[in-house]
Amino acid sequence: MIVRISNEGQYKLDDGHHARLDELDDAVVAAVSGRSEDGYQRAFEELLHFVRTEGEPLDADDLEPSEFILPPPDLTFAEAGEEFSGEGLIPDPVPPSAA
Amino acid sequence: MPGMGGRMSTVIKAKISRLLDKAEDPGETLDYSYQKQLESLQNVKKGIADVVTAKKRLQMQSQKLEQSVVKLDTQARQALAAGNEELARTALERKNVAQTELQSLDTQVTELEAQQQRLIDSEQKLRQKIEAFRTKKEVIKAQYSAAEAQVRISEAATGVGEQMADVGLAMQRATDKTEQMRARADAVSELEAAGTFDDLTQIGPGQDDIDRQLAQLSSSSEVDDELAKMKAELGAGEGGGESKQLGEGGQAS
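Since this is a predicted model, take the numbers as computed values, not measurements.

*Asks:* Lay out the overall build of chain A in plain terms, naming residues and giving numbers.
*Replies:* The helix and strand tally for chain A stands at three helices and four strands. Within the span of chain A, comprising 99 residues, buried residues form 42% of the whole. Sequence-distant contacts, at least 24 apart, represent 69% of the contacts inside chain A between residues at least 6 apart. Only carbon and sulfur atoms are counted for the fraction: they give 50% of the accessible area of chain A, which is about 5300 Å².

*Asks:* Just give me the short version of the sheet that holds strand 4 (residues 68–70) of chain A, but keep the residues and values in it.
*Replies:* Residue and element names in this part refer to chain A. With mixed pairing, the four strands of this open sheet are ordered in space as 3-2-1-4. The two strands at the open ends of the sheet, each matched to only one other strand, are strand 3 (56–57) and strand 4. Of the strand pairs in this sheet, strand 1 (residues 2–5) and strand 4 are connected by three bridges, and their pairing is parallel. By the bridge assignment for strand 4, Arg4 is matched with Ile69.

*Asks:* Could you give an account of the pairing of strand 1 of chain A, with specific residues and numbers?
*Replies:* All names here are of chain A. Across the two faces of strand 1 the burial is the same, with Ile2 and Arg4 and Val3 and Ile5 all buried. Note: strand 1 against strand 2 (residues 9–12), four bridges, orientation antiparallel. Within the sheet, the bridge partner assigned to Arg4 lies in strand 2 and is Gln10. Turn length for the strand 1-strand 2 hairpin, with the two strands adjacent in sequence and antiparallel, is three residues, and the turn residue Asn7 shows positive phi of about 60°.

*Asks:* Quick rundown of the packing of helix 2 (residues 26–81) of chain B against helix 4 (residues 146–193) of chain B? Include the residues and the values.
*Replies:* Packed helices, taken two at a time, are described by their axes: the angle between them and the distance between them. Residue and element names in this part refer to chain B. Contact geometry for helix 2 and helix 4: axes closest at 9 Å, N-to-C directions at 15°. Put simply, helix 2 runs roughly parallel to helix 4. Crossing hand, helix 2 versus helix 4: left-handed. Classifying every residue of the contact of helix 2 with helix 4 gives 20 nonpolar, 11 polar and four charged.

*Asks:* Would you mind going over helix 2 (residues 37–54) of chain A in detail, with residue names and values included?
*Replies:* Residues and elements named next belong to chain A. For helix 2, built from 18 residues, the straight-helix expectation of 26 Å at 1.5 Å per residue is met to within 8% by its first-to-last C-alpha distance of 26 Å. Among the residues making up helix 2, those that are buried are Gly39, Tyr40, Ala43, Phe44, Leu47, Leu48, Phe50 and Val51. One side of helix 2 carries all its buried residues, which in axial view fall inside an arc of 155°. With respect to the buried face of helix 2, the exposed residues turned more than 90 degrees away are Asp38 and Arg42.

*Asks:* Summarise the environment of B:Gln128; cite the residues concerned and give the values.
*Replies:* The topology assignment puts B:Gln128 in helix 3 (residues 85–143). Each C-alpha atom, one on B:Gln128 and one on B:Gln61, is 36 Å from the other, the two residues being 67 residues apart in sequence. Not counting chain neighbours up to four residues away, the residues in contact with B:Gln128 comprise A:Ala60 and A:Asp61.

*Asks:* Can you explain the packing of aromatic side chains? Please cite residues and give values.
*Replies:* All names here are of chain A. On inspection of all chains with the given rule, the structure shows two aromatic pairs over all chains. Each ring, one from Tyr40 and one from Phe44, has its centre 5.6 Å from the other, and the planes form 15°; the classification is stacked. You can see Tyr40 and its partner Phe44 sitting in helix 2, four residues apart, about one turn around the helix. Of the two residues, Tyr40 and Phe44, neither departs from the other in class, the shared state being buried. For the ring pair Tyr40 and Phe77, a centre distance of 5.7 Å and an interplane angle of 45° mean the geometry is tilted. Taken together, the residues Tyr40 in helix 2 and Phe77 in helix 3 (residues 77–84) connect sequence positions 37 residues apart. Residues Tyr40 and Phe77 agree in their burial class; the two are buried. Three or more aromatic residues joined by ring pairs make a cluster, and in this case those are Tyr40, Phe44 and Phe77.

*Asks:* An account of the side chain of A:Gln10 is needed here, citing residue identities and associated values.
*Replies:* One can find A:Gln10 in strand 2. Taking relative accessible area as the criterion, A:Gln10 reaches 6% and is therefore assigned buried. Polar contacts involving the side chain of A:Gln10 include one to the side chain of B:Glu162, which spans 3.4 Å. Once residues within four sequence positions are removed from consideration, A:Gln10 is found in contact with A:Ile2, A:Val3, A:Arg4, A:Glu56, A:Pro57, A:Leu58, A:Asp62, A:Glu64, A:Pro65, A:Ser66, B:Lys129 and B:Glu162.

*Asks:* An account of the packing of helix 3 of chain B against helix 4 of chain B is requested, with residue identities and associated values reported.
*Replies:* Residue and element names in this part refer to chain B. Packing of helix 3 against helix 4 brings their axes to within 9 Å, and their N-to-C directions diverge by 165°. In terms of axis orientation, helix 3 runs roughly antiparallel to helix 4. The handedness of the crossing between helix 3 and helix 4 is left-handed. Here the contact of helix 3 with helix 4 is composed, by residue class, of 22 nonpolar, eight polar and 11 charged.

Calculation criteria
Residues numbered from 1 in each chain as written. Chains lettered and ligands numbered in written order. Predicted model: local features only at pLDDT ≥ 70, side-chain atom pairs only at ≥ 80, totals over all residues. Heavy atoms only, no water. Helix = DSSP H or I, 4+ residues; strand = E, 2+ residues; numbered from the N terminus. Buried < 20%, exposed > 50% of the residue type's maximum accessible area, 1.4 Å probe, protein only. Contact = heavy atoms within 4.5 Å. Areas by Shrake-Rupley, 256 points an atom, 1.4 Å probe, with all protein chains shown as cover. Pairing = 2+ DSSP bridges. Axes fitted to C-alpha atoms, helices over the stretch in contact; angles between N-to-C directions. Parallel < 35°, antiparallel > 145°, perpendicular 65-115°, else oblique. Left-handed = near helix turned anticlockwise from the far one by under 90°. Nonpolar A, V, L, I, M, F, W, Y, C, P; charged D, E, K, R; others polar. Expected span 1.5 Å × (residues − 1). Arc of directions from axis to C-beta. Phe/Tyr/Trp six-rings, centres within 6.5 Å; stacked < 30°, edge-to-face > 60°. Polar contact = N/O pair within 3.5 Å; in protein donor to acceptor, adjacent residues only side chain to side chain.

Here you go:
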């Protein structure tokens, strides 16, 4: 499978890494929804590190599309929060209505 | 994968397939697609030029602030040497404000530079992908039946489209950063226009009402420390025998 790190490049990873990638991705989601900035930095860095070390960089003139696209490495905690809010991947718990 | 990456790639793929669905003749689609890619590349180049221009303007502002810091420091020393401690304090308070702005501006310029570099890298990759697309399109035109060609165009165009989206994202981030910095720089310009960093010997101490506000803005303990240090240095310079450490030890409170 091919994974892109936005604004960095594409990497080819063994399909067997899918489960681990999923785990690492979930950890980022959990840190962001738990509003843990340190946790987010650690989890996101770990996810990027995994892709960079386990993946083979794809040539720039390769036209293969990516299966997964990760955000840019310098994505701030605030930006990550925006990504996860709104239509949200993991919506915030709905506060009890005052009405 | 439930992460944000999954969502992004879905959006990109949907856009591209919508574009390709409209196509009828594969050969025509290929040429049109390539033409569009070249146009996008031109826009990207223009966008990069805009970011570079904005950055240069901010760097110029940073240089001006640096000069202000040096000037105000000199004036503080001169005022102190002349025995005018109040004027020296005012100069140091202003220097403190200018320095804080300068640090913030420099940090942001560094961040912007990193984003700009990513934008340029992404643009280079886009250029390489478009070039690869050009080669591939001739092969597809020559070798494949219409139905098969359609599939292959879709694949190739998706690869280019994804890189285009990547450049778009890099551009968006660099532009956002530039906007943020411009807002900050405008605030500094207002301080400048109000005479905050002007020649103090012309204004005189305590004659404008911004002094009070500045005293609040700048950390008074930092100003106290610096004033004490300056006194010690001046003392050492004149008295010869005085220790440079003299003023610093007693500043604990």
